[in-house]
Amino acid sequence: MHLTWEGVTLNLRTTFRLARSTSDQRRNVIAHLDEGLGEAAAVPHYHDTQAGLMDDLARLASHLGDDPFQIEDILNGLPPCSQAARAAVDVALHDLWGKRLGQPLYRLLGLNPGRVPQTSFTIAMDEPAVMAERARQSGYPIIKVKLGSADDEAIVSAIRQATSARLRVDANAGWTREQAADLIPRLAEYDLEFIEQPLPAGDLEGLRWLQARKLGVPIFGDEGVKTARDVARHAGLLEGVVIKLMKAGGIREALRAIAVARSLDMRVMLSCMIETSVGVTAAAHLAPLCDYVDLDGPLLIANDPFVGLRYEGATLTLPDLPGIGATVRNGYP
Ligand code: MG
């Protein structure tokens with residue numbers, strides 16, 4: 001099989017401010033494995049760059065063999081590389097699998113495309129009034145709010161007054177244990193579904209300390225939970241986990257992570273990085289296995305070079321095409 005790749009520069013519709021970073025653009029990499037498509041997202045938090053991901057793909061190119069149906073063997077034989085580059089190859093293999101058999105990936109996985117949960121829409125950090133207005137204007141029935149600033153309670157209060165949407169918040173590892181213990185009971189007053197990653201990744205003792213305080217809002221792990229092994233390490237410490245292809249290293253490991261979470265009675269949210277319709281559509285094929293979906297990546301991008309997953313408000317429809325079903329947008333480049 002022949003692997004090639006190209007860089008894509010993605011312009012964001014609004015500046016994406018999180019607890020640790022700000023960006024107006026992202027530079028991802030699209031992988032082509034014969035006719036299969038994959039994507040590697042360069043996420044600043046994981047220190048991935050577009051150039052680094054391309055170097056990784058160049059090293060992986062000679063380890064792919066000629067049989068796209070040997071997905072397990074191929075992935076097990078890859079040399080060490082970033083999770084995002086691994087995900088690009090994994091997704092391209094799954095796309096190729098479906099294309100060669102003429103079937104959508106969800107069908108090969110035995111999943112019901114009618115079971116895709118509605119997606120949330122993300123409100124990036126800004127002044128509380130600006131965030132509240134964005135939440136109201138979006139019209140979305142599920143809003144995910146980025147926190148981790150000094151205004152966290154004011155933000156949630158303003159958004160709660162602006163919309164009756166279901167609210168989820170994401171601290172992106174932005175709080176100390178003491179801040180979390182102080183804030184979470186106060187935020188519970190605003191009827192939150194859950195809080196993502198209140199503490200720094202890997203602070204298992206902190207999670208144990210928080211959970212002992214019965215703070216009244218379920219806690220989900222994101223930055224601290226990448227793979228199936230990470231899910232297992234958090235047994236009893238989280239009510240749910242956030243699964244992303246770019247963290248897991250692709251569809252294969254994401255399926256394992258979901259299975260481990262289920263075995264531990266954890267809930268599962270499927271999410272994405274800032275990715276084009278290639279990465280996000282690939283992820284969406286796993287959505288029927290998940291309780292919650294946060295797949296608004298393409299909605300945050302002004303110049304997505306691809307089409308795939310369809311959005312009608314918060315309702316998602318998987319493409320009924322072979323493989324992951326992402327195709328080049330008419331008129332691109
Ligand atoms: Mg998150």
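Residues numbered from 1 in each chain as written. Predicted model: local features only at pLDDT ≥ 70, side-chain atom pairs only at ≥ 80, totals over all residues. Heavy atoms only, no water.

A. Layout of the environment of V130. Structurally, the position occupied by V130 is in helix 5 (residues 128-138). Remark: the alpha-carbon pair of V130 and L93, spanning 37 residues in sequence, is separated by 42 Å. (Helix = DSSP H or I, 4+ residues; strand = E, 2+ residues; numbered from the N terminus.)

B. Fine view of the domain arrangement of the chain. Examined at the domain level, the chain breaks down into domain 1 (3-102) and domain 2 (108-328). Once you take the C-alpha centre of each, domain 1 and domain 2 turn out to be 21 Å apart. Each partner contributes to the interface: domain 1 provides 40 residues, whereas domain 2 provides 46 residues. Taking both sides of the interface into account, the surface hidden between domain 1 and domain 2 amounts to around 3,500 Å²; carbon and sulfur atoms contribute 64%. Here domain 1 is connected to domain 2 by 2 salt bridges. The partner of R256 in a salt bridge is E72, and the shortest N-O contact between them spans 3.6 Å. If you look at where domain 1 meets domain 2, you find 17 residue pairs in polar contact (both at pLDDT 80 or more). Ranked by residues supplied to the side of domain 1 that touches domain 2, first place goes to helix 3 (residues 83-101) with 12 residues. (Domains from an automatic or database assignment. Contact = heavy atoms within 4.5 Å. Buried area = accessible area lost by both parts, 1.4 Å probe. Salt bridge = Lys/Arg side-chain N within 4 Å of Asp/Glu carboxyl O. Polar contact = N/O pair within 3.5 Å; in protein donor to acceptor, adjacent residues only side chain to side chain.)

C. Region of the structure containing the coordination of the magnesium ion. For the magnesium ion, the protein coordination sphere consists of D170 (OD), E196 (OE) and D222 (OD), at 2.0 to 2.2 Å. Within one chain, the residues serving as donors to the magnesium ion are arranged as D-x25-E-x25-D. Separated by 26 residues along the polypeptide, E196 in strand 7 (residues 192-196) and D222 in the loop between strand 8 (219-221) and helix 9 (228-233) bring together distant segments of the chain. Accessibility classification places E196 together with D222 in one group, the buried group. (Donors = N, O, S within 2.8 Å, 3.2 Å for Na, K, Ca; no water. Buried < 20%, exposed > 50% of the residue type's maximum accessible area, 1.4 Å probe, protein only.)

D. Examining the sheet that holds strand 9 (residues 240-244) more closely. One open sheet accounts for 8 strands, arranged 4-5-6-7-8-9-10-11; its pairing is parallel. Both outer strands of the open sheet, strand 4 (121-123) and strand 11 (292-294), are each paired with one neighbouring strand and no more. Direction aside, neighbouring strands of the sheet carry axes that sit 25° apart on average. Where strand 7 lies against strand 8, 2 bridges are found, and the strand directions are parallel. (Pairing = 2+ DSSP bridges. Axes fitted to C-alpha atoms, helices over the stretch in contact; angles between N-to-C directions.)

E. Main features of helix 11 (residues 251-263). The end-to-end C-alpha distance of helix 11, which contains 13 residues, comes to 18 Å, matching closely the 18 Å that a straight helix rising 1.5 Å per residue would cover. Restricting attention to buried positions, one finds in helix 11 the residues I251, E253, A254, A257, I258 and A261. Burial along helix 11 is one-sided: seen end-on, the buried residues are contained in an arc of 160°. Within two residues after helix 11, D265 carries a phi angle of roughly 60°, on the positive side. (Expected span 1.5 Å × (residues − 1). Arc of directions from axis to C-beta.)

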